[in-house]
Amino acid sequence: MKSLPYWCRGKVVKGFGRGSKQLGIPTANLPESVLEQLPADVATGIYFGWACVGSGDVHKMVMSIGWNPFYNNTKKSMEVHIIHSFEEDFYGEVLSIVILGYIRVERGFDSLDDLIDAIHNDIRMASSQLDLAEYKAYQQENFFRRPDLKRPSIPSA
Ligand SMILES: Cc1cc2nc3c(=O)[nH]c(=O)nc-3n(C[C@H](O)[C@H](O)[C@H](O)COP(=O)(O)O)c2cc1C
Ligand SMILES: Nc1ncnc2c1ncn2[C@@H]1O[C@H](COP(=O)(O)OP(=O)(O)O)[C@@H](O)[C@H]1O
Ligand SMILES: [Mg+2]
């Protein structure tokens, strides 16, 4: 995918409320306007990268872009699970992310437990990839500290 790394921000919106309740894995959902701006070559599927809420710390993240085939959603969504424990919800806050790598296609599963296992696997994969120097460098990018920037000020190595 030529467009990766891909940088974007948006205010966290409400989804179906399934992430925390059914999966135990909350996902901060981004608005449709952000989804519509994704380059055409960013396929649906599961990705990893870095994320930051407001002007907070930059954390590892995994995300899903697509129709959640397990739930047969009719609307495409873009949802980020930040690999960090937050004390409170942050609906309405600006979420800034950089998408760095592709993990797998979205799938349907036979059971909720199988979906949860797959997501935990994604989290492990994302976490180890992001420790590699080539991906770790992005955590320090100016983009996360400068809300006025649309893209990083210095092209990343
Ligand atoms: C890393 C990751 C992987 C996911 N993989 C799938 C998948 O393979 N199939 C699927 O139907 N949904 C997948 N999802 C999406 C979940 O179904 C979705 O986050 C959940 O339904 C919560 O939706 P909500 O924010 O509307 O409550 C994934 C989510 C994440 C964060
Ligand atoms: N580690 C986290 N990653 C993503 N969202 C989190 C996290 N911890 C708390 N949240 C909060 O949980 C919300 C997402 O929960 P979820 O059950 O997926 O609801 P929704 O369907 O409204 O997206 C986020 O919008 C955010 O406010
Ligand atoms: Mg969600």
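Residues numbered from 1 in each chain as written. Chains lettered and ligands numbered in written order. Predicted model: local features only at pLDDT ≥ 70, side-chain atom pairs only at ≥ 80, totals over all residues. Heavy atoms only, no water.

1. A word on the site of ligand 1
Around ligand 1 sit 23 residues in total, of which Arg18, Phe70, Glu79, Arg104 and Arg107 are the nearest. Between ligand 1 and the protein, one listed contact pairs an oxygen atom with a side-chain N or O atom of glutamate 79 at 2.5 Å. The contact in question runs from a nitrogen atom of ligand 1 to an N or O atom on the backbone of arginine 107, over 2.7 Å. Isolated, ligand 1 exposes 630 Å² of accessible area, and the fraction of that covered by the protein chains is 99%. For the shell around ligand 1, the class distribution of residues is ten nonpolar, seven polar and six charged. (Near = heavy atom within 4 Å. Polar contact = N/O pair within 3.5 Å; in protein donor to acceptor, adjacent residues only side chain to side chain. Areas by Shrake-Rupley, 256 points an atom, 1.4 Å probe, with all protein chains shown as cover. Nonpolar A, V, L, I, M, F, W, Y, C, P; charged D, E, K, R; others polar.)

2. Overview of the coordination of the magnesium ion (ligand 3)
The coordination sphere of the magnesium ion (ligand 3), as far as protein atoms go, consists of Thr27 (O), Thr27 (OG1) and Asn29 (OD1), spread over 2.1 to 2.2 Å. In this structure threonine 27 comes out as partly exposed when scored by relative accessible area, which is 28%. (Donors = N, O, S within 2.8 Å, 3.2 Å for Na, K, Ca; no water. Buried < 20%, exposed > 50% of the residue type's maximum accessible area, 1.4 Å probe, protein only.)

3. A look at the nonpolar core
The nonpolar side chains of a soluble globular protein tend to be buried with one another. Judged by nonpolar contacts, the single largest core of 26 residues is most densely connected at Leu23, Phe48, Trp50, Val98, Leu100, Leu130 and Phe144. In terms of residue count, the dominant contributor to this core is helix α3 (residues 112–130) (seven residues). Membership of the second largest hydrophobic core comes to 23 residues, among which are Leu4, Leu38, Ala51 and Val80. (Core = buried A, V, L, I, M, F, W, Y, C linked by side-chain atoms within 4.5 Å. Helix = DSSP H or I, 4+ residues; strand = E, 2+ residues; numbered from the N terminus.)

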